[in-house]
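Structure at a glance
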Amino acid sequence: MRRIFAAFIALALLGAPAARAVQPDEIMADPAKEARARELSRELRCMVCQNQSIDDSEAPLARDLRLLVRERIAAGDSNSQVLDFLVARYGEFVLLKPRFERQTLLLWLLAPVLLGGGGLALWLQIRRRSRTGADVPMPPLTSDEKARLAALMSDDARSS
């Protein structure tokens, strides 16, 4: 019973930071607009934390950005207009998932190109090894080699 209670407390504490990030005074009265604001907040990077969304971050700058998002939504901006405004102000870095554009082409294509190149290199290496016969088993030991191996092993047995 204590283990279950401890697990429940641990889960509650792990979920607490995300629940505390958006303060009650930030929440919009209209639930639909608040849902849009939360959705947009999950797409935006906290400039202080850099690996968290502003929805999860408790940094003062993240709070300012959350308020700015809600302000733009209250003014009647669409989601894309809010994102465009923030990108114009802070640059593409503010987006957790950058857009697929000319400036971010390398970012999006580098991983698949490297993965494909590695796969191609591996395939070529395997193909070359099979052509050269590198997978052919070694010939059996000659009688001289067997005698030498037995002598070496008997020396090891004596020294241990």
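Residues numbered from 1 in each chain as written. Predicted model: local features only at pLDDT ≥ 70, side-chain atom pairs only at ≥ 80, totals over all residues. Heavy atoms only, no water.

Time to look at the overall build of the protein. Secondary structure assignment for the protein yields six helices and zero strands. Counting from the amino terminus, helix and strand elements in the protein follow one another as α-α-α-α-α-α. Out of the 160 residues belonging to the protein, those deemed buried represent 21%. Long-range contacts, defined here as pairs at least 24 residues apart, represent 51% of the contacts in the protein between residues at least 6 apart. Element-wise, carbon and sulfur atoms account for 63% of the exposed surface of the protein, whose accessible area totals about 11,900 Å². (Helix = DSSP H or I, 4+ residues; strand = E, 2+ residues; numbered from the N terminus. Buried < 20%, exposed > 50% of the residue type's maximum accessible area, 1.4 Å probe, protein only. Contact = heavy atoms within 4.5 Å. Areas by Shrake-Rupley, 256 points an atom, 1.4 Å probe, with all protein chains shown as cover.)

Tallied over the entire structure, the rule returns one aromatic pair. Across the ring face of Phe93, the terminal group of Arg45 is positioned such that the distance to the ring centre comes to 4.5 Å. Over the aromatic face of Phe85 sits the side chain of Arg72, whose NZ or CZ is 4.1 Å from the ring centroid. (Phe/Tyr/Trp six-rings, centres within 6.5 Å; stacked < 30°, edge-to-face > 60°. Lys NZ or Arg CZ within 6 Å of the ring centre and 35° of its normal.)

Taken as a whole and judged by the stated rule, the model has five salt bridges. A salt bridge links Asp55 to Arg42; the shortest N-O distance between them is 3.6 Å. With Asp55 in the loop between α2 (31-43) and α3 (60-74) and Arg42 in helix α2, the pair connects residues that are 13 residues apart, well separated along the chain. Judged by its relative accessible area of 3%, Asp55 is buried. Between Asp77 and Arg72 there is a salt bridge; the shortest N-O distance is 2.7 Å. Residue class for Arg72 comes out partly exposed when judged on its relative accessible area of 25%. Salt bridges sharing common partners tie together Arg38, Arg42 and Asp55. (Salt bridge = Lys/Arg side-chain N within 4 Å of Asp/Glu carboxyl O.)

With that out of the way, let us pick up the state of the cysteines. What the rule picks out here adds up to zero disulfides. Here Cys49 is not disulfide-linked; the sulfur of Cys46 is the nearest cysteine sulfur, at 3.5 Å. (Disulfide = S-S within 2.5 Å.)

Glancing now at helix α4 (residues 79-90). Under the 1.5 Å per step criterion, the end-to-end length of α4 is 16 Å for twelve residues, consistent within 8% with the ideal 16 Å. Three or more residues of α4 are buried, namely Val82, Leu83, Leu86 and Val87. Seen end-on, α4 carries its buried residues on one side only, within an arc spanning 130°. Buried residues belonging to α4 abut α2 and α3. The first or second residue beyond α4 is Gly91, which carries a positive phi of 90°. (Expected span 1.5 Å × (residues − 1). Arc of directions from axis to C-beta.)

This brings us to the nonpolar core. In terms of nonpolar packing, the biggest core is built from 19 residues, with Leu44, Ile54, Val69, Ile73, Leu86 and Val94 touching the most fellow members. Those elements that provide at least two residues to this core are α2, α3 and α4. Considering every element that reaches this core, the biggest residue donor is α3, with five residues. Once residues within four sequence positions are removed from consideration, Val94 is found in contact with Glu43, Leu44, Arg45, Met47, Leu86 and Val87. (Core = buried A, V, L, I, M, F, W, Y, C linked by side-chain atoms within 4.5 Å.)

Now for the side chain of Glu34. By secondary structure assignment, the location of Glu34 is in helix α2. Exposure remark for Glu34: the relative accessible area of 9% places this residue in the buried category. Here Glu34 is in contact with Val22, Glu26, Ile27, Met28 and Arg70, once residues within four sequence places are set aside.

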